[in-house]
Amino acid sequence: MEATSGFFQALIEQNDGLMDGPGSNTPESQIMGRCLELLLRCMCSLFAWNGFVSHANKELLEEALGVLNARMKGTSQTQFTFKQLISNSFQYLEKFSETIPRLSTAVILVRLLVSLSDKYDDPTDATRTIANLAQGFLQREWIGSDGQKEKGAKSNEMIQTLIKIFFLHTTDVLKSIQDICSIAVPELLDADKYEGSTTYPTLTKSAFGTYYRMMLDELVRCVRQMTPGKSSDPIQQSTQLLVRWNMAVRVFHTLVTLIKAFDVRSNLNAALKFGRMFIELFLRNGMPLLDKVLRTNKDDVMGLLKNLQQSTRTMHHVCSHSKVAKDVSLINHVPLLKKALEGFVFRVKAMLTLHNCQEAFWMGNLKNRDLHGEEILSQVSNAESEAESDGGEESEDNGPELSDDSDEEQSTTAGDDETDAGREDAEGSGSEESYSESF
């Protein structure tokens, strides 16, 4: 391992610190890179052995760690505690990250370090190192053996592994997702067709679906842990939790909105699946918190609900698009999602009624619109036919009178202390009804 790593270290120095400079794709470099990958793979298989969990095999683990400790330079100590053996071995293997030539090798190294960190009594420092290492690999542009940027299904699978490890080990997964959404994704939107983000070069248009699914998955995992707590908890603790929920809703809104730019089937499927889970978790964990803090943090609560309302509107559009496209894999998600969305509407109405804030709430049926907000033509045609058959009479509306401007809020004010309320235009045709709210 040291010899193969030394080969790439010398190559990097010859190229003035450039990782993928001249000579990095020669047959010799490919052979040495393959050797390094196989060596790391062997060590990963060794330290991932579940037999090391047994106390009976602790001596074998210490012997294996002792071999790595013996390779460290400047170590004159001959006797180490188990904690020192783990720490020294981790540091020894971490240094190889500086000369990793391929994405596949980077993934194996990170997995090897994860296996070692599992054997720590207190893996705090190791966890932070793994997160930084995985993030660093995601922020590097990887060149394949053909001299071109790595891409394709296998590359996306390896990127997914790094993203998952990064999110699992970062200190604040919500902040990490927010950073990618606010920095890397806008860079991707402004990039050329075959280019990617400058901050996260692995985030390309072909790899966006991988990032998108993982961000939604980890967002749902994060909010699942944001339980409302007890009614006796101090208000300061509840306020801090409200800040976290506000951040989560903003991230969710950003992710849902991205569907308009990346409307491929896999992304739509992820939005429908994880969108439903997010709404259900918000009803379970978020709404009890809002019940508690509405009186003391009215503006923050209303701001959160407005952001989430915009997201639910987009989710309704995705449902309508799925039905028009007649895609079974997408349509299967629609009933449960619509149930969650309607549950959100009536749960918010109940909360505002309980706190005598009914004036801050409007509810009406939603019009069927596609992903870009355009009204679906089949509904327009049906509406015109019904109007003609009624002899020009106005049709009965199920909600308050709506604005002529589609999907724009028509606000009202309920006293000096009440929040402006918007009403959303009607969506849904036939006997099926979908509801939306504005605050």
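Residues numbered from 1 in each chain as written. Predicted model: local features only at pLDDT ≥ 70, side-chain atom pairs only at ≥ 80, totals over all residues. Heavy atoms only, no water.

Looking only at helices and strands, the protein chain features 15 helices and 2 strands. The proportion of buried residues among the 439 residues of the protein chain is 47%. Considering only contacts within the protein chain whose residues lie at least 6 apart along the sequence, 71% involve residues at least 24 apart. Total accessible area computed for the protein chain in this model is approximately 22,000 Å², and 49% of it derives from carbon and sulfur atoms. (Helix = DSSP H or I, 4+ residues; strand = E, 2+ residues; numbered from the N terminus. Buried < 20%, exposed > 50% of the residue type's maximum accessible area, 1.4 Å probe, protein only. Contact = heavy atoms within 4.5 Å. Areas by Shrake-Rupley, 256 points an atom, 1.4 Å probe, with all protein chains shown as cover.)

This structure, assessed with the given rule, holds 12 salt bridges. The residue Asp172 makes a salt bridge to Arg244 at a minimum N-O spacing of 3.1 Å. Here Asp172, found in the loop between helix H7 (153–169) and helix H8 (173–190), pairs with Arg244, found in helix H10 (residues 235–257); they are 72 residues apart in sequence, far enough to count as distant. The class of Asp172 is partly exposed, set by a relative accessible area of 24%. (Salt bridge = Lys/Arg side-chain N within 4 Å of Asp/Glu carboxyl O.)

What follows deals with the nonpolar core. Nonpolar side chains in soluble globular proteins tend to be buried together. Among the nonpolar cores identified, the biggest contains 113 residues, and Leu219, Trp245, Phe278 and Leu305 are the most heavily contacted of them. Residues contacting Phe278, with those up to four places away along its chain left out, are Leu219, Val220, Val223, Trp245, Ala248, Val249, Phe252 and Leu308. (Core = buried A, V, L, I, M, F, W, Y, C linked by side-chain atoms within 4.5 Å.)

So, on to the packing of helix H9 (residues 208–224) against helix H11 (residues 265–293). Geometry of a packed helix pair, given as the angle between the helix axes and the separation of the axes. The N-to-C vectors of H9 and H11 enclose an angle of 10 degrees; their axes lie 9 Å apart at closest approach. When the axis of H9 is compared with that of H11, the two are roughly parallel. Between H9 and H11, the residues in contact are Phe208, Gly209, Tyr212, Arg213, Leu216, Asp217, Leu219, Val220, Val223 and Arg224 and Ser266, Asn267, Ala270, Ala271, Phe274, Met277, Phe278, Leu281 and Asn285, respectively. A breakdown of the residues in the contact of H9 with H11 according to their chemical character gives 12 nonpolar, 4 polar and 3 charged. (Axes fitted to C-alpha atoms, helices over the stretch in contact; angles between N-to-C directions. Parallel < 35°, antiparallel > 145°, perpendicular 65-115°, else oblique. Nonpolar A, V, L, I, M, F, W, Y, C, P; charged D, E, K, R; others polar.)

Compared with an ideal rise of 1.5 Å per residue, which puts 15 residues at 21 Å, helix H6 (residues 124–138) spans 21 Å between its outermost C-alpha atoms and is within 8% of the ideal. Ala126, Ile130, Ala131, Leu133, Ala134, Phe137 and Leu138 are the residues of H6 that are buried. Buried residues of H6, viewed axially, fall in a sector of 165 degrees; they line one side. (Expected span 1.5 Å × (residues − 1). Arc of directions from axis to C-beta.)

Once that is clear, we can look at unusual backbone geometry. For Lys326, which is not a glycine, the phi torsion comes out positive at approximately 55 degrees. Along the polypeptide, Lys326 turns up in the loop between helix H12 (298–325) and helix H13 (328–331).

What follows concerns the packing of aromatic side chains. How two aromatic rings sit relative to each other is set out by the distance from centre to centre and by the angle between their planes. According to the stated counting rule, one finds 12 aromatic pairs in the structure shown. Ring geometry for Phe7 and Phe8: centres 5.2 Å apart, planes at 85 degrees, overall edge-to-face. Seen in terms of ring centroids, Trp49 and Phe52 are 5.1 Å apart; in terms of plane orientation they differ by 75 degrees. Their pairing is edge-to-face. Residue classification places Phe52 among the buried residues on the basis of a relative accessible area of 10%. (Phe/Tyr/Trp six-rings, centres within 6.5 Å; stacked < 30°, edge-to-face > 60°.)

This brings us to H8. In this model H8 runs 25 Å from its N-terminal to its C-terminal C-alpha over 18 residues, within 8% of the 26 Å that 1.5 Å per residue would give. If you look at H8, its biggest bend is around 30 degrees, right at Ala184, and the proline Pro186 turns up within four residues after that. Buried residues along H8 sit against H7, H9 and H10. In this structure Asp172 caps H8, since a side-chain oxygen of it lies 3.3 Å from the backbone nitrogen of Leu174. (Bend = angle between axes of the 7 residues up to and from the residue. Polar contact = N/O pair within 3.5 Å; in protein donor to acceptor, adjacent residues only side chain to side chain.)

Looking now at the side chain of Thr314. When you line up the elements, Thr314 lands in helix H12. For Thr314, a relative accessible area of 7% corresponds to the buried category.

Turning our attention to the packing of H8 against H9. Where H8 meets H9, the closest approach of the two axes is 10 Å, and the angle between their N-to-C directions is 155 degrees. When the axes of H8 and H9 are compared, the pair comes out roughly antiparallel. Our pair here, H8 against H9, has a crossing hand that is left-handed. Here Val173, Leu174, Ile177, Ile180, Cys181 and Leu188 of H8 come into contact with H9, specifically with Phe208, Tyr211, Met215, Glu218, Leu219, Arg221 and Cys222. Tallied by class, residues from the contact of H8 with H9 come to 11 nonpolar, no polar and 2 charged. (Left-handed = near helix turned anticlockwise from the far one by under 90°.)

Let us now look at the confidence of the model for the protein chain. Per-residue pLDDT for the protein chain averages 82, and the proportion of residues at 70 or more is 81%. In this model residues 379–436 is a low-confidence stretch, pLDDT under 50, and it forms 121 contacts with partners more than four residues away in sequence or in other chains. (pLDDT = per-residue confidence, 0-100.)

Mapped onto the elements of the fold, Ser155 is located in helix H7. By relative accessible area, which is 3% here, Ser155 ends up buried. If we skip the residues at most four places from it in the chain, Ser155 touches Leu103 and Glu150.

Turning our eyes to something else, we now look at the environment of Arg244. By relative accessible area, which is 26% here, Arg244 ends up partly exposed. With 70 residues separating them in the primary sequence, Arg244 and Leu174 have C-alpha atoms 8.4 Å apart. Contact partners of Arg244, with chain neighbours within four places excluded, come to Asp172, Leu174, Cys222 and Met226. Polar side-chain contacts of Arg244 include one of 3.1 Å to the side chain of Asp172.

Here the focus is the environment of Lys205. The residue Lys205 is located in the loop between H8 and H9 in this model. For Lys205, the side chain forms a polar contact with the main-chain oxygen of Leu188, separated by 3.0 Å. At a separation of 3.5 Å, a polar atom in the side chain of Lys205 contacts the main-chain carbonyl oxygen of Asp192.

Here we take up the environment of Asn307. With respect to the helices and strands, Asn307 occurs in helix H12. Counting along the chain gives 61 residues from Asn307 to Asn246, while the straight-line C-alpha distance between them is 8.7 Å. In this view, Asn307 contacts Val249, Arg250 and His253; residues no more than four positions away in its chain are not counted.

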